[in-house]
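Here are the chains, one letter per residue:
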Amino acid sequence: NVPLSPLHIAHRGSALPFASLRSGNSVRSLSGRRFPVMQEQPNEPDSNDSGVRQLLGVRGGSTTTNKWAIRLQLTKPVTWVPLIWGVACGAAASGSYHAIWDGASFGEWSTDFAKAIVCMFLAGPLLTGYTQTINDWYDRDIDAINEPNRPIPSGAISEGEVIAQIWVLLLGGLGLSYGLDVWAGHPYPAILGLSAFGSLISYIYSAPPLKLKQSGWIGNYALGSSYISLPWWCGQCFFNLESFNLQVAVLTLLYSLAGLGIAIVNDFKSIEGDRALGLQSLPVQFGVDKAKWICVGTIDVTQLAVAGYLAAIGETTYAAVLFGLILPQIYLQATTFLKDPIANDVKYQASAQPFLVFGILTTALACGHHKF
């Protein structure tokens, strides 16, 4: 059934948490479907980092009854980092960020630093927080299989509280984005437009009837572009609207193919739940062996193509630096991810992604340096 409003899907007459609907080795979702439950190891309450993991919204965290900690967990702070980095890349690509190491005065540097922090708050806690909360809301069925201890399927937070959080984050993000347009003196609300567009993509990514995440290709590309292109555009437009052009837009959209590959990495851990719910992730469609090669191929070929483009437009130094950042990623793929993408997904991402994100910054600096 299509919800009556974008953020209120009604399971009327039922306020029961998923935890109360379990029976043996299966779970019945609020929609009435019954699925097998993956057996999870219980959280260790005395684990040194379990509390931190809970707050960051990653697996292995402890459970809590603190509603503010639960609300923070729903926003998955660990996922804010790429968006915050993307804003920094956009500021670098604008060519108008006044950095102290470039000889800027304290007034110039502090003003631009404050601008960057506020823009990062928009992209991270507010709009990424909105994205992650609405994703958990519409993922209640699959989380009951893959991660039954998460706040919503476990009943740790009520439906009304989740819906209220979604609205607060969305409206707060849109309001702040308009404020940034006013601060920058834009002739039209560019940041508000980008924020509204990104929020729409977040909604149709997670929510029926479109639910882009059900398609391995479209969903993962939407995710990749949201993590790379949109925050870059936001940062660049905020600091220098006139610097944003078609070449930069196309380059970032192409770079988002690498983000598609990173998104595929996250699909391997959820194969059982995706298959049970009929979600066509690439590991489900092609199997683990083929999907892992598609994954590394999109990551590597995209970056190599960008390095080639930078060399072709005369930015050879930046092209060489980017190429040097690609090589360790290829090595780590061969030694960890390709050997066992399910067991080594976290290890691979932790070791390889720093090289990927510095590659994005290198590309942004090249854009800021180049006169298109």
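Residues numbered from 1 in each chain as written. Predicted model: local features only at pLDDT ≥ 70, side-chain atom pairs only at ≥ 80, totals over all residues. Heavy atoms only, no water.

Asks: Please provide a residue-by-residue account of the pattern of salt bridges, values included.
Replies: As a working rule, side chains carrying opposite charge can pair if their charged atoms are close by. Evaluated as defined, the whole model comprises five salt bridges. Where glutamate 161 meets lysine 67, a salt bridge forms, and the shortest distance between an N and an O atom there is 3.0 Å. Here lysine 67 lies in helix α2 (residues 67–74) and glutamate 161 lies in helix α7 (residues 159–184), a separation of 94 residues in the sequence. Looking at glutamate 161, the relative accessible area reads 22%, which means it is partly exposed. Looking at lysine 67, the relative accessible area reads 32%, which means it is partly exposed. Here aspartate 136 ties to arginine 150 by a salt bridge, and the two come within 2.5 Å at their closest N and O atoms. With aspartate 136 in helix α4 (residues 106–138) and arginine 150 in the loop between α5 (140–146) and α6 (151–154), this pair connects stretches of sequence that are 14 residues apart. Exposure remark for aspartate 136: the relative accessible area of 3% places this residue in the buried category. Members of the salt-bridge network, linked through shared partners, are Lys76, Asp136 and Arg150. (Salt bridge = Lys/Arg side-chain N within 4 Å of Asp/Glu carboxyl O. Helix = DSSP H or I, 4+ residues; strand = E, 2+ residues; numbered from the N terminus. Buried < 20%, exposed > 50% of the residue type's maximum accessible area, 1.4 Å probe, protein only.)

Asks: Report on the packing of aromatic side chains, specifying residues and quantitative values.
Replies: For the structure on display, the rule yields eleven aromatic pairs. Seen from their ring centres, tryptophan 85 and phenylalanine 358 are 5.2 Å apart, and the 75° between their planes marks the pair as edge-to-face. Here tryptophan 85 is found in helix α3 (residues 80–94), whereas its partner phenylalanine 358 is found in helix α14 (residues 345–369), with 273 residues between them in sequence. Ring geometry for tryptophan 183 versus phenylalanine 238: centroids 6.0 Å apart, planes at 65°, classification edge-to-face. Taken together, the residues span a long stretch of sequence, with tryptophan 183 in helix α7 and phenylalanine 238 in helix α9 (residues 216–239) at a distance of 55 residues. On the accessibility criterion, tryptophan 183 (41% relative accessible area) is partly exposed. Within the aromatic cluster, the residues linked to one another by ring pairs are Tyr97, Trp183, Phe238 and Phe239. The cationic tip of arginine 71 hangs over the ring face of tryptophan 68; the distance from NZ or CZ to the ring centre is 5.8 Å. (Phe/Tyr/Trp six-rings, centres within 6.5 Å; stacked < 30°, edge-to-face > 60°. Lys NZ or Arg CZ within 6 Å of the ring centre and 35° of its normal.)

Asks: Please provide a residue-by-residue account of a nonpolar patch on the surface, values included.
Replies: The grouping of Leu246, Val250, Leu254 and Leu257 at the surface amounts to a nonpolar patch, some 350 Å² of accessible area in total. By the secondary structure assignment, leucine 254 is in helix α10 (residues 246–267). In this structure leucine 254 comes out as partly exposed when scored by relative accessible area, which is 45%. (Patch = residues over 30% accessible without salt bridge, like charges linked within 9 Å, V, L, I, M, F, W, Y side chains within 5 Å. Areas by Shrake-Rupley, 256 points an atom, 1.4 Å probe, with all protein chains shown as cover.)

Asks: Report on the packing of helix α12 (residues 282–312) against helix α13 (residues 316–337), specifying residues and quantitative values.
Replies: Orientation of α12 relative to α13, taken along the N-to-C sense of each, is 165°, at an axis distance of 8 Å. Compared by their axis directions, α12 and α13 come out roughly antiparallel. The handedness of the crossing between α12 and α13 comes out as left-handed. Counting all contacts with α12, which are made through Lys292, Cys295, Val296, Ile299, Asp300, Gln303, Leu304, Val306, Ala307, Leu310 and Ala311, the residues of α13 involved are Thr316, Tyr318, Ala319, Leu322, Phe323, Ile326, Gln329, Ile330, Gln333 and Phe337. Counted by class, the contact of α12 with α13 contains 15 nonpolar, four polar and two charged residues. (Axes fitted to C-alpha atoms, helices over the stretch in contact; angles between N-to-C directions. Parallel < 35°, antiparallel > 145°, perpendicular 65-115°, else oblique. Left-handed = near helix turned anticlockwise from the far one by under 90°. Contact = heavy atoms within 4.5 Å. Nonpolar A, V, L, I, M, F, W, Y, C, P; charged D, E, K, R; others polar.)

Asks: Which residues make up the side chain of serine 206, and what values do they have?
Replies: As for its position among the elements, serine 206 is in helix α8 (residues 190–206). When its relative accessible area of 0% is taken as the criterion, serine 206 is described as buried.

Asks: Please give an account of unusual backbone geometry that cites residues and values.
Replies: In this structure, proline 209 follows proline 208 across a cis peptide bond, with omega equal to 10°. Of note, lysine 76 is a non-glycine position whose phi angle comes to about 45°, a positive value. Judged by its relative accessible area of 14%, lysine 76 is buried.

Asks: Before we move on, could you go through the packing of α12 against α14 and cite the residues and values that matter?
Replies: A packed helix pair is summarised by two numbers, namely the angle formed by the two axes and the spacing between the axes. Contact geometry of α12 with α14 gives a least axis separation of 11 Å together with a crossing angle of 25°. The orientation of α12 with respect to α14, classified from their angle, is roughly parallel. Every pair of crossing elements has a handedness; the one defined by α12 and α14 is left-handed. Mapping the contact onto sequence places Ile299, Gln303, Val306 and Leu310 in α12 and Tyr348, Leu356, Thr363 and Ala366 in α14. Considered class by class, the residues forming the contact of α12 with α14 number six nonpolar, two polar and no charged.

Asks: Can you lay out the nonpolar core for me, pointing to particular residues and giving the numbers?
Replies: One finds Ile191, Trp232, Tyr255, Leu322, Phe337 and Tyr348 to be the most contacted residues of the largest nonpolar core, which totals 57 residues. Of all the elements in the fold, those that place two or more residues in this core are α3, α4, α8, α9, α10, α12, α13 and α14. (Core = buried A, V, L, I, M, F, W, Y, C linked by side-chain atoms within 4.5 Å.)

Asks: Tell me about the environment of lysine 339, residues and numbers included.
Replies: Topologically, lysine 339 is positioned in the loop between α13 and α14. A relative accessible area of 65% means that lysine 339 is categorised as exposed. Placed 47 residues apart in sequence, lysine 339 and lysine 292 show a C-alpha to C-alpha distance of 9.5 Å.

Asks: Residues and numbers for the state of the cysteines, please.
Replies: For the coordinates displayed, the defined rule picks out zero disulfides. Cysteine 119 takes part in no disulfide bond, and the closest cysteine sulfur to it belongs to cysteine 234, at a distance of 3.5 Å. Cysteine 367 takes part in no disulfide bond, and the closest cysteine sulfur to it belongs to cysteine 89, at a distance of 10.0 Å. (Disulfide = S-S within 2.5 Å.)

Asks: Outline α3, supporting the account with residue identities and numerical values.
Replies: Over its 15 residues, α3 runs 21 Å from end to end, which matches the ideal 21 Å to within 8%, given 1.5 Å per residue. Those residues of α3 that sit buried are Trp80, Leu83, Gly86, Val87, Cys89, Gly90, Ala91, Ala93 and Ser94. Summarising the contacts, the buried residues of α3 are in contact with α2, α4, α9 and α14. Positioned one or two residues after α3, glycine 95 has a phi angle of 70°, which is positive. (Expected span 1.5 Å × (residues − 1).)

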